[in-house]
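Descriptive analysis of the structure
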Amino acid sequence: MKIKHLFIAALSFSTMMLMSCSANEGHSHDHAHGESCSHDHSHEGHSHDHSSHNHDHSGHDHSGHNHGASEEGHADGIIVFTKEQAKKSGVTVATVEPTEFYDVIKTGGQVLSAQGDERTVAATASGIVGYVNKSLTDGSAVKAGQGLFTISSKGIVDGDASLSAKIAYDAAKIAYDRAASLVKDRIISQREFDEAKANLEQAQAALNTVSGRAASGGVTVSSPISGYLISLLVKPGEYVSVGQPIATVSQNRRLQLRAEVSERYFDRLGNIFSANFVLPYRPDEMLCLSELNGRVVSYGKSSSEGSYYLPVIFEFDNVGNIVPGSYAEIYLLGAPREGVISVPKGAIAEEQGLYFVFLQKDAEHYEKQEVKLGANNGVTIEIKKGLKAGDKVVTNGAIHVKMAGNSSAIPHSHSH
């Protein structure tokens, strides 16, 4: 009986072992050679058959995953900007090379008419002034001999100038005719005759001066030269006296640029040879004296009383609509420096007080590069740090590349 029980126990144990081995046959985890249960994620030695676990990843949306790369699959910091986008946006690229860069002093100043180009228009009679053309304003173009003002003496104590001149002429003519007849008979001296003749000539000149300018509204005052009115000194209805300045006309062929420079730059004034400037009514256009036949006329050796600024005066051709009297932002150019890396102003992008340029890595990929700025001459800016020779920099249209970079920085949804 005891032997029978032992036989049944052995049979049961064998059956359990067979069932255990049968269960492990469907699971091919190879734990041979005494490997522990710690899983090596390199999966070496594991033939992890996912077919039995039925992990279906087709239902997972990995399109929004950005594992350290842009949505185009590129490394962080790289901006994708296609050739078509660049062409449409007007993006241009230039290779950076060290060049000559001039010392710059930024200051303010004014555009003035050049000496010798201005003429003053004076009143030729006393009376009430009026404009021939009611639309006459500063900056109006005028021609030599063109009537600008009328001066009426009606109601004035001195009377009408043309009438007075005619009366004086008539009196002088009578005196001359009488003297001419008397001098033949030696009744008067030759000296008395000469005086009568001189009086007649003076009266004739005065009459010619006003008679040719007489108008229904009074005497007409004309422009002595062709050019532009740069200042009207009287308003309609004002009283003027003979010889009083009433306007200034400029031929406007040459203009002056007067820069006011702080005394602390005195030791650098002798090196200044040209300038760039921008006008308030043309803010997007930088004017360069080198392109306007400009030259230095003089610079101050001392400041005027009560002033701490020294003048630097240039002369240049007025090839456009530059109005004398305009204020200007001026970039004075001085001593040259060699081996300076610089880029056009349009290449610089600003962001939270920092400055950047965009480097072209290949035909359709760009990278934002922080730079440290130096001198600015109004056209190009010195780069002290951040660029090296051979770098390809976006020189025009940088704002479009920046916008493309900002749009790619928007976080993507990570949905499963």
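Look above for the structure.
Read on for a plain summary of the structure. (Residues numbered from 1 in each chain as written. Predicted model: local features only at pLDDT ≥ 70, side-chain atom pairs only at ≥ 80, totals over all residues. Heavy atoms only, no water.)

Remarks on the nonpolar core
Counted only if it meets this: We define the nonpolar core as a collection of buried residues of types Ala, Val, Leu, Ile, Met, Phe, Trp, Tyr and Cys that are connected through side-chain atoms lying within 4.5 Å of one another. Between buried and exposed lies partly exposed: a residue is buried under 20% and exposed over 50% of the maximum accessible area for its type, with that area taken using a 1.4 Å probe on protein chains only. What counts as a helix is a DSSP run of H or I of at least four residues, what counts as a strand is a run of E of at least two, and both are numbered from the N terminus. Here, two residues are considered to be in contact whenever any of their heavy atoms come within 4.5 Å of each other.
L257, F277, F316 and L332 are the most contacted members of the largest nonpolar core, which has 23 residues in total. Of all elements in the fold, only β3 (99-113), β13 (254-262), β14 (274-279), β17 (309-317) and β18 (327-340) reach the threshold of two or more residues within this core. Apart from residues no more than four positions distant in its own chain, F277 is found in contact with V111, L257, E285, M286, L287, L289, L292, F316, A328, E329 and I330. Formed by 19 residues, the second largest nonpolar core is a distinct cluster that contains A123, F149, I151 and V240.

With respect to the sheet that holds β17
Note the following rule: Here, strands pair whenever DSSP counts at least two bridges between them. The convention used is that axes are lines fitted to C-alpha atoms, helices contributing only their stretch in contact, and that angles between N-to-C directions extend from 0 to 180 degrees.
Strand order in the open sheet made by the 7 strands is β15-β14-β18-β3-β13-β17-β16, with antiparallel pairing throughout. Edge positions in the sheet fall to β15 (282-288) and β16 (295-299), since each of these pairs with one other strand and no more. The average angle at which neighbouring strand axes cross in this sheet is 30°, direction not considered. Bridging between β13 and β17 involves 9 bridges; their strand directions are antiparallel. Note on β17: the bridge partner recorded for R254 is D317.

A word on unusual backbone geometry
Phi is positive for N293, close to 55°, though the residue is something other than glycine. Relative to the helices and strands, N293 is located in the loop between β15 and β16.

Notes on the sheet that holds strand β6 (residues 141-142)
Pairing in this open sheet of 4 strands is antiparallel, and the strands run β4-β12-β10-β6 from one edge to the other. Each having just a single partner strand, β4 (118-122) and β6 make up the two edges of the open sheet. As paired strands, β6 and strand β10 (residues 227-232) are joined by 2 bridges and run antiparallel to one another. Considered in β10, the bridge of V142 is made with G227.

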